[in-house]
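# Report on the structure
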Amino acid sequence: AVEDVVGSGHLPMLPSHEPPRQPQGHAAPPLAAIGALHHSGPSGGVPGAMQEILGDVEDPHTRFSSTAVPNRSSLTVPGGLPFGFVTSPFAGPEDGSKWLRREAERCQSCGAVRNLYVSVETQTGRWACNFCQGVNTSEDLKGQGGIEACRELRDAVIEYAEPSSTAFASAEYQPKTHLFVVDTTMRARDLEELQATLVAAVGALHSNDLIGLVAYDSVVRVYDLSKSDVASSHILSGAHPPPAHDLNALGASGAILTAPVHAAAEIFSSIVKSLKPPVRAGSRARAKLRCLGPAVETAVAIAAASVAPRGGPAAVEGVAPLGGKARVSVFMGGASTLGPGSDISTDQAAGEDEEEPRQYYALVGERARRLGVAVDAFVVSLTSVGMPHLQAMCAGSGGEAVQHASFAGAHAQTLARAPVRAAGSAGVFDIHCSPAVQITRVMGPLVPPSTREESAMAEDFPNMAMAPAVEARHGFTVLYHLREDLNSEYIYFQIVTAHTTLYGQRILRASTHRIKVTANTAVLLQAVDVGAVGVLLAKEAVVQVREGSATREEARAELNGRLQSIARTWSDQVKVTPSGRMSTLPLQLSSLASLVFQAQHGPLLGAMLNDEDDAQAARQAFLAYDMTDSLRILAPPFLSYPLKPEDVAPYTHVPLEDLSLLPSRLLVLDHHTHVFVWSGAEVSSAEHEEAREKATSDVAAWTSTRFPAPEIMVLREGESMARWLVCRLNPAHRDVGAGGFVSAVSGAVRSVFKSRFAHTDDDSLHEWLAKLRIAL
């Protein structure tokens, strides 16, 4: 196979390897001759066509599955080729020089923001909305000069700095509050690692940030940071949520529950280092009582109270009034076993309904979001901790549940990156589309409106949702189909988001897209982005498993059916084989089969991860990530590091299959949460240690901004741990065996071949396609 050259030098991130994309882009039709604009209808009607003055029509943070759509609605129905897009509206850098410092002009009929595809009447400044054809009037569009000066009529992406928030914006650093909640029942070794990591993380915070400490086992301990000679704490019951009068008494006690880092870091460190697992009192179970729910509720209340209330853009709009000002970080060694939200698998909670813990933690997360507090959970446990429950709490508040093998290593890096990953707060996400388009599903880190103000906003914008976390890495996936056959030339989409920056400025971002309508199948297939299609298919299947509406087996079966449907619908060729007739995928979609195969056999839907908590964490992350990270999880790049002096390129792509595991290769596989550096038998010696260290350091540099930080594993051929890498590869050696190669070669070669590849019951890519009766 021909190897693709990745490039030279250090890269900002590990390169992704995905199917080649077809030449795409929003087609800009030729400029029409300027003609007289006209009115139609007695009520003023819709302005006529005018010359298009298009500027930057691309949004680099939005990727469509196809830049064309069929004119027949039957070709877009769910169950076949998916139509949709993945957008990351918070990924772009803040550039105040490009902000329009005024309110956005909106259509009075549908609420869409004025954009480059509206029609304008030059003399009067009236413009017709490209979504609903409603007619609006804008004084700044009168005359040709006004139109040419209007950036909204040229560029696809426009950002507005809302004037109502400018008075609250500040160029100075805004201190944050960090409450750390520690489970003291974890293993002694884990607690020791956490103590060192936590002290280092606090030392890296801004000196003006506020910190506080809460510990829990069977009770909740809130530590007073004013006592330097002794660890003093206030104890609350862990059997029930903290009553209001207890929290009020705690606040009136005179204890310093939060203090600036520069004043309290030393006291905080001494208290953390003094934490010890509880002494067993007659039984092991008693020493493992964990009241997670009351501890988190207490920490959220303290964090919210520590943020000085002040007006602001979000407060005016009623959206997460203090969002981004406080964060609660929970460090867990096991599932909650006491009080509300306790694990139903324990004896203490054996009678509880399975849905009750999830509902409880979802409510805790919603309350935290309303108070402007994000909750992160960092887990190191050999047993299940109820990851879906934690995700309900963390995602609802704008945080994340992260699982690591230990509290050292990658976890230390994750904790250091956690406070700085947010790009803002109080996010809002909305979509406008042409009347013929039906939005079928929106996936991503979103929650429905819950406050009175949010619900009132949602009445005017039915597709609106709230984004508790505003992070560059987050992606929102939108799927759609056509309600009816089309006779128009284009359909339109507009993605409108709003958020408050880290400095208090409220920003509204509008990104408008035009998709060409075609009746030509060849044109449509040429416009398909196979990588985006694969991500959409995988996310649809994963969300069903995540929500519990389908098992992994059912989701895999549905994916198989969809690939078969795509082959039958979009290709008119049939391949005749000795075993019968087989459908074929069009050449433009041939690489889609590999993506669907990886979705089924990888960590998302496969049996690779034995721990269901790990699988749930992988699915949650996949649904929340942008296109780049999603593709890395779906089809991880597999790279060969050069070992010969004559090799110029630093890395080359190799096929994602076990036949790439040659003894003479040094390979790197990036599966986003885990990165593997593998050495073949011939390069495992100390002679190649420098190259191995260079590859490992490259990986660390490429992933230095990734959250959570990935586990980097250095493996050698023949080691037991090498199975972590091998299980992620297509077992292509089965195809070689089935093709008769093994039986045809000599005994020595046959024995070497069989010894290098362990027996597996997993189908190879070609075996899987043969069962589906699909040929490439």
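Refer to the structure presented above.
Numbers given to residues run from 1 along each chain, matching the order in which its sequence is written. For this predicted model, a pLDDT threshold of at least 70 governs which residues receive local features, and a threshold of 80 or more governs which side-chain atom pairs are given and counted, while totals over whole chains, interfaces and linings are taken from all residues. By convention in this description, side-chain values take in all heavy atoms of the structure and omit both hydrogens and water.

## Side note on the sheet that holds strand β7 (residues 135–137)
Two pairing modes exist for strands in a sheet, parallel and antiparallel, and in both the strands are linked by backbone hydrogen bonds. Here the rule is simple: two strands pair whenever DSSP picks up at least two bridges between them. Each helix is a run of DSSP H or I of at least 4 residues and each strand a run of E of at least 2, with the numbering of both proceeding from the N terminus. Taking strand neighbours across the sheet as the criterion, the three strands line up as β5-β6-β7 in an open arrangement whose pairing is antiparallel. Unpaired on one side and paired on the other, β5 (119–120) and β7 mark the two borders of the sheet.

## Some words on the packing of aromatic side chains
Each aromatic pair joins two rings of Phe, Tyr and Trp (for Trp, the six-membered one) with centres within 6.5 Å, and gets the label stacked for planes under 30 degrees apart, edge-to-face for over 60, and tilted for any other angle. Counted according to the given criterion, the structure contains 18 aromatic pairs. Both rings, one in Y480 and one in F493, keep their centres 4.7 Å apart while their planes meet at 50°; by these two values the pair is tilted. Pair noted here: Y480 is in strand β21 (residues 476–482) and F493 is in strand β22 (residues 490–500), with a separation of 13 residues, a long-range link. Here Y480 matches F493 in class, with each residue buried. Here the aromatic residues F64, F83, F85, Y480 and F493 are joined through ring pairs into a cluster of three or more. The criterion for a charge sitting over a ring is simple: Lys NZ or Arg CZ within 6 Å of the ring centre, and within 35 degrees of the ring normal. The ring of Y490 has R514 lying over it, and the distance from NZ or CZ to the ring centre is 4.2 Å. Throughout this description, buried means an accessible area under 20% of the type-specific maximum (1.4 Å probe, protein chains only), exposed means over 50%, and partly exposed covers the range between.

## Structural notes on the pairing of strand β26 (residues 638–641)
Of the two faces of β26, the one holding F638 and S640 and the one holding L639 and Y641 are both buried throughout. Pairing of β26 with strand β28 (residues 666–670) involves four bridges; the strand directions are antiparallel. Of the residues in β28, the one forming a bridge with L639 is V668. Taken together, the two bridges between β26 and strand β27 (residues 651–653) define a ladder with antiparallel strand orientation.

## Some thoughts on the pattern of salt bridges
Put simply, a salt bridge is a Lys or Arg side-chain nitrogen that is within 4 Å of an Asp or Glu carboxyl oxygen. The tally for this structure, following the rule as stated, stands at 33 salt bridges. Of the charged contacts, one joins E152 and R102 as a salt bridge, the two residues approaching to 2.4 Å between their closest N and O atoms. In this pair, E152 sits in the loop between α1 (143–149) and β8 (157–161) while R102 sits in the loop between β4 (83–87) and β5, placing the two residues 50 residues apart along the sequence. Taking the relative accessible area as the measure of exposure, E152 reaches 0% and is therefore buried. Assessed through its relative accessible area of 28%, R102 is described here as partly exposed. One salt bridge connects R187 with D190, and the closest N-O pair in it is separated by 2.9 Å. Taking relative accessible area as the criterion, R187 reaches 32% and is therefore assigned partly exposed. Because the salt bridges share partners, they merge into one network encompassing R327, D376, E400, R421, E471 and R473.

Worth remembering: the numbers are spatial, not functional.
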